[in-house]
Amino acid sequence: MATDYLIAGGTGLVGSEIIRQLLANESTRKIITLGRRAADFSDKRLTHLTYDFSGRPQKSALPSNCVAICTLGTTIKQAGSQEAFRKVDFDYVLNFAEIARDIKASSLHVVTAHGAAKSSLIFYNRVKGEIEEAIQRIGLVEVHIYRPSLLIGNRKEHRAGEGFAAAAAKALSPVFKLPGLSSVQPTPADHFAAFIIRQASSVSPGNHVHSNAEIMSDR
Ligand SMILES: NC(=O)c1ccc[n+]([C@@H]2O[C@H](COP(=O)([O-])OP(=O)(O)OC[C@H]3O[C@@H](n4cnc5c(N)ncnc54)[C@H](OP(=O)(O)O)[C@@H]3O)[C@@H](O)[C@H]2O)c1
């Protein structure tokens, strides 16, 4: 079945991998990306709308009955403060979820993080937990929340510490097969993108939370 997608975060590691995989699929009819920059792909099915995640984009420019995917996010270090981080990872994500609701998206898919919990003592995890709760309450028919561990893949931007963590994770990969450790096993972006696209391809009303263990055990 031909499907239309609305994507926020399409320039990021996971978002660009999702777009790459969707464009390789003939059943993808249209992809509209929202954000401050266009994703680096050239395909007539792909359109970018420059948008700052406040207010609403023009409704006529948006697909109806589409699948909405949000891989938007930053880090406290990148954003510069906890407040600036929250603006992106809570306010912008909620704005996108409300757009998805308003245009009657068939399903919404949002990436948070392993450890997300609104009662967490860790600020990052707390914000991720708060956004999970908020988007499950705004009246969408089908919501999928994904909680990956450290994301690994070909990231253009250099992030201190993540390269080392990814190399260490590779060396330790047999260890992550031990019972209980799959929840913290690093999550390859290409595998993760394929997992999200599979969930987006089937109809399953309600709220769903996908743990890293579930993502990593999926073949
Ligand atoms: N990195 C990890 O190891 C990790 C682990 C667990 C969960 N996560 C979560 O997984 C999701 C995807 O991660 P990722 O590594 O693919 O992210 P990423 O590569 O850092 O991409 C982030 C996306 O968010 C957009 N964005 C960030 N700040 C913005 C701002 N101020 N205004 C507008 N757009 C903004 C970026 O757009 P621009 O290109 O315009 O900057 C980009 O499209 C995020 O929610 C992240 O928090 C990440």
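So, here is what we can say about the structure in this document. (Residues numbered from 1 in each chain as written. Predicted model: local features only at pLDDT ≥ 70, side-chain atom pairs only at ≥ 80, totals over all residues. Heavy atoms only, no water.)

## Things to note about the packing of aromatic side chains
Any two aromatic rings considered together are summarised by their centre-to-centre distance and by the angle between their planes.
Item 1. Following the criterion strictly, the structure yields six aromatic pairs and no others.
Item 2. When the ring of Tyr51 is compared with that of Phe53, the centres are 5.1 Å apart and the planes differ by 65°; the resulting orientation is edge-to-face. One exposure class covers both Tyr51 and Phe53, and it is buried.
Item 3. Aromatic side chains Tyr146 and Phe195 sit 6.0 Å apart centroid to centroid with 90° between the ring planes, which places their arrangement in the edge-to-face category. Of the two residues, Tyr146 sits in strand β6 (residues 142–146) while Phe195 sits in helix α6 (residues 189–200), which places them 49 residues apart along the sequence.
Item 4. The cationic tip of Arg86 hangs over the ring face of Phe90; the distance from NZ or CZ to the ring centre is 4.4 Å. (Phe/Tyr/Trp six-rings, centres within 6.5 Å; stacked < 30°, edge-to-face > 60°. Buried < 20%, exposed > 50% of the residue type's maximum accessible area, 1.4 Å probe, protein only. Helix = DSSP H or I, 4+ residues; strand = E, 2+ residues; numbered from the N terminus. Lys NZ or Arg CZ within 6 Å of the ring centre and 35° of its normal.)

## Some thoughts on the pairing of strand β5 (residues 107–111)
Item 1. Burial within β5 is extensive, with five of its five residues counted as buried.
Item 2. Along β5, one buried face is formed by Ser107, His109 and Val111 and the opposite face, lined by Leu108 and Val110, is buried too.
Item 3. Pairing between strand β4 (residues 67–70) and β5: four bridges, direction parallel. Residue pairing across strands places Cys70 opposite Val110, the latter belonging to β5.
Item 4. In terms of strand pairing, β5 meets β6 through four bridges, oriented parallel. (Pairing = 2+ DSSP bridges.)

## What to know about the side chain of His109
Item 1. By the secondary structure assignment, His109 is in strand β5.
Item 2. Judged by relative accessible area, which is 1%, His109 ranks as buried.
Item 3. Separated by 2.7 Å, the side chains of His109 and Tyr146 make a polar contact.
Item 4. Apart from residues lying up to four places away in sequence, His109 is in contact with Val67, Ala68, Ile69, Cys70, His144, Tyr146, Ile196, Gln199 and Ala200. (Polar contact = N/O pair within 3.5 Å; in protein donor to acceptor, adjacent residues only side chain to side chain. Contact = heavy atoms within 4.5 Å.)

## Describing the sheet that holds β4
Item 1. In space, the seven strands of this open sheet follow the order β3-β2-β1-β4-β5-β6-β9, with parallel pairing throughout. Sheet topology places β3 (46–50) and β9 (206–210) at the edges, where each strand pairs with a single neighbour. On average, each strand axis in the sheet is tilted by 15° relative to the strand beside it, whichever way the strands run.
Item 2. Here strand β1 (residues 3–8) pairs with β4 via four bridges, running parallel. Among the inter-strand pairings, Leu6 is bridged to a residue of β4, identified as Ala68.
Item 3. Packing of helix α4 (residues 123–136) onto the sheet brings it into contact with β5, β6 and β9, and relative to β6 it is tilted by some 170°. (Axes fitted to C-alpha atoms, helices over the stretch in contact; angles between N-to-C directions.)

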